[in-house]
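# Fold and geometry: a report
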Amino acid sequence: MEYLGQYKAVYKAKAGCEDILAKSQDGGIVTAMFAYALETGIIDGAIVAGPGAEPYKPEPMIATTVEELFASRGTKYSVSPNLALIKEATRSYGLDKIGIVGTPCQIQAVRKGQLYPVGLRDVPDKIALALGIFCMENFPYQGLFQMVEDHCATKIDNVTKMDIGKGKFSVYTERGVNSQIPLKVTHKYEQPGCHVCLDYVANMADISTGSVGTPDGWSTVFVRSAAGEAAFNKAVEAGWIIAESMDGVKPGLELVEKLATEKITKNQKYLEHRAHKEHAALKPLRNPYT
Ligand SMILES: Cc1cc2nc3c(=O)[nH]c(=O)nc-3n(C[C@H](O)[C@H](O)[C@H](O)COP(=O)(O)OP(=O)(O)OC[C@H]3O[C@@H](n4cnc5c(N)ncnc54)[C@H](O)[C@@H]3O)c2cc1C
Ligand code: SF4
């Protein structure tokens, strides 16, 4: 399991509360974990991707109530610069124990900020719970808009859910699946920066979660750090999360590892390609990892 990072345990899991499941993306793990952590004082607020001014355009938000967490449920397939609020969370919001959710690159930024806190005075020891979500790629908002409105012929205002899985980008409205397009159509809209990304399952998070590997309505959950383990186990004991063994679950960890391997080897190849003179007319492009 070379590409899945270090972890203490892995589960098939979902929220124990129907209200959370109703509008969450998968098993509602992010919302349930933060809601439990908020109620029990593990965190005093969480930086999440809230609803923005336009439909499915995420806007970073500091949630200090369960209602605010509920408003942030669901995946928005566009960039939500959640890290932009990390300093403010400790200043005007006065948070001492911050929760933050993010894609693998964002969790890397959290950890980098903790180790090398340039311009982040007082922040490093206030990160209490970093939840990572699996991520194959992300899209600029304009690209996402075109995928929905042009390719899926659906008004984005009418969309109730978007999902990427089983090789398709799917758009749902109140009546169910409205349109599905193969991912080969969406490739050209991907953020170019995602093509040098070498992390699929948020290796540096306290807990990471995604849909791949478990049946619909459930999530795959990696419990990675001691803090993540303590919070997750308590949330399970308290009934906020239902966790079961991954043994025998189909498609299971095998598929998670297959996708992680595909992403990382493809992007590693691209990084190597960028380093060659033929790629850039004048000089090789920078490699951020060396
Ligand atoms: C760009 C992107 C690509 C993804 N690719 C995959 C994939 O390839 N395979 C896979 O298994 N899972 C992928 N996911 C994760 C998956 O879609 C769910 O986010 C994850 O399973 C959590 O679901 P949940 O039911 O626990 O979350 P919920 O309880 O519904 O909560 C969702 C949380 O995610 C946050 N969020 C939503 N959009 C963003 C965003 N753009 N940036 C940061 N935070 C956000 C919200 O603030 C909320 O707190 C991707 C997510 C994103 C944002
Ligand atoms: S693919 Fe990587 S760089 Fe792109 S949003 Fe996902 S985690 Fe970040």
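Before reading on, note that the structure itself is shown above.
Described below are features of the structure shown in this document. (Residues numbered from 1 in each chain as written. Chains lettered and ligands numbered in written order. Predicted model: local features only at pLDDT ≥ 70, side-chain atom pairs only at ≥ 80, totals over all residues. Heavy atoms only, no water.)

## Examining the sheet that holds strand β8 (residues 176-182)
The three strands lie next to each other as β6-β7-β8, forming an open sheet whose pairing is antiparallel. The open sheet has two edge strands, β6 (161-165) and β8, and neither has a second partner. The sheet shows a mean angle of 20° between the axes of neighbouring strands, direction not considered. Where β6 lies against strand β7 (residues 168-173), five bridges are found, and the strand directions are antiparallel. Residue pairing for β7: Lys161 is matched across the bridge by Tyr172. Of the strands in this sheet, β6, β7 and β8 are in contact with helix α6 (residues 141-151), which crosses β7 at around 70°. (Pairing = 2+ DSSP bridges. Helix = DSSP H or I, 4+ residues; strand = E, 2+ residues; numbered from the N terminus. Axes fitted to C-alpha atoms, helices over the stretch in contact; angles between N-to-C directions. Contact = heavy atoms within 4.5 Å.)

## Some words on the sheet that holds strand β11 (residues 241-245)
Across the sheet, which stays open at both edges, the eight strands sit in the order β3-β2-β4-β5-β9-β10-β1-β11 with mixed pairing between neighbours. Because the sheet does not close on itself, it has two edges, and the strands there are β3 (59-63) and β11. For this sheet the average axis-to-axis angle between neighbouring strands, irrespective of direction, equals 30°. Here five bridges tie strand β4 (residues 98-102) to strand β5 (residues 127-133), and the two strands are oriented parallel to one another. Residue pairing for β5: Gly102 is matched across the bridge by Gly132. Contacts between helix α8 (residues 226-237) and the sheet are confined to β1 (9-15), β5, β9 (207-210), β10 (219-223) and β11, with β11 contributing the most and set at about 105° to the helix.

## Examining the packing of aromatic side chains
Taken as a whole and judged by the stated rule, the model has seven aromatic pairs. Summarising the aromatic geometry, the rings of Tyr77 and Phe169 are spaced 6.5 Å apart at their centres and angled 80° between planes, so their arrangement reads as edge-to-face. Taken as a pair, Tyr77 in the loop between α3 (66-71) and α4 (86-90) and Phe169 in strand β7 lie far apart in primary sequence, 92 residues in all. Exposure class is identical for Tyr77 and Phe169. Each is buried. Ring centres of Phe134 and Phe222 lie 5.9 Å apart, and the angle between their planes is 45°; this geometry places the pair in the tilted category. In this pair, Phe134 sits in the loop between β5 and α6 while Phe222 sits in strand β10, placing the two residues 88 residues apart along the sequence. (Phe/Tyr/Trp six-rings, centres within 6.5 Å; stacked < 30°, edge-to-face > 60°. Buried < 20%, exposed > 50% of the residue type's maximum accessible area, 1.4 Å probe, protein only.)

## Here's the deal with the site of ligand 1
In the vicinity of ligand 1, 31 residues are found, and the nearest of them are Asp26, Thr31, Ala49, Thr75 and Ser211. In this structure, Gly74 approaches ligand 1 through a main-chain N or O atom, which is 2.9 Å from an oxygen atom. Protein chains bury 98% of the 920 Å² of accessible surface belonging to ligand 1 in isolation. Those elements giving two or more residues to the shell around ligand 1 turn out to be α2 (29-40) and β2 (45-50). (Near = heavy atom within 4 Å. Polar contact = N/O pair within 3.5 Å; in protein donor to acceptor, adjacent residues only side chain to side chain. Areas by Shrake-Rupley, 256 points an atom, 1.4 Å probe, with all protein chains shown as cover.)

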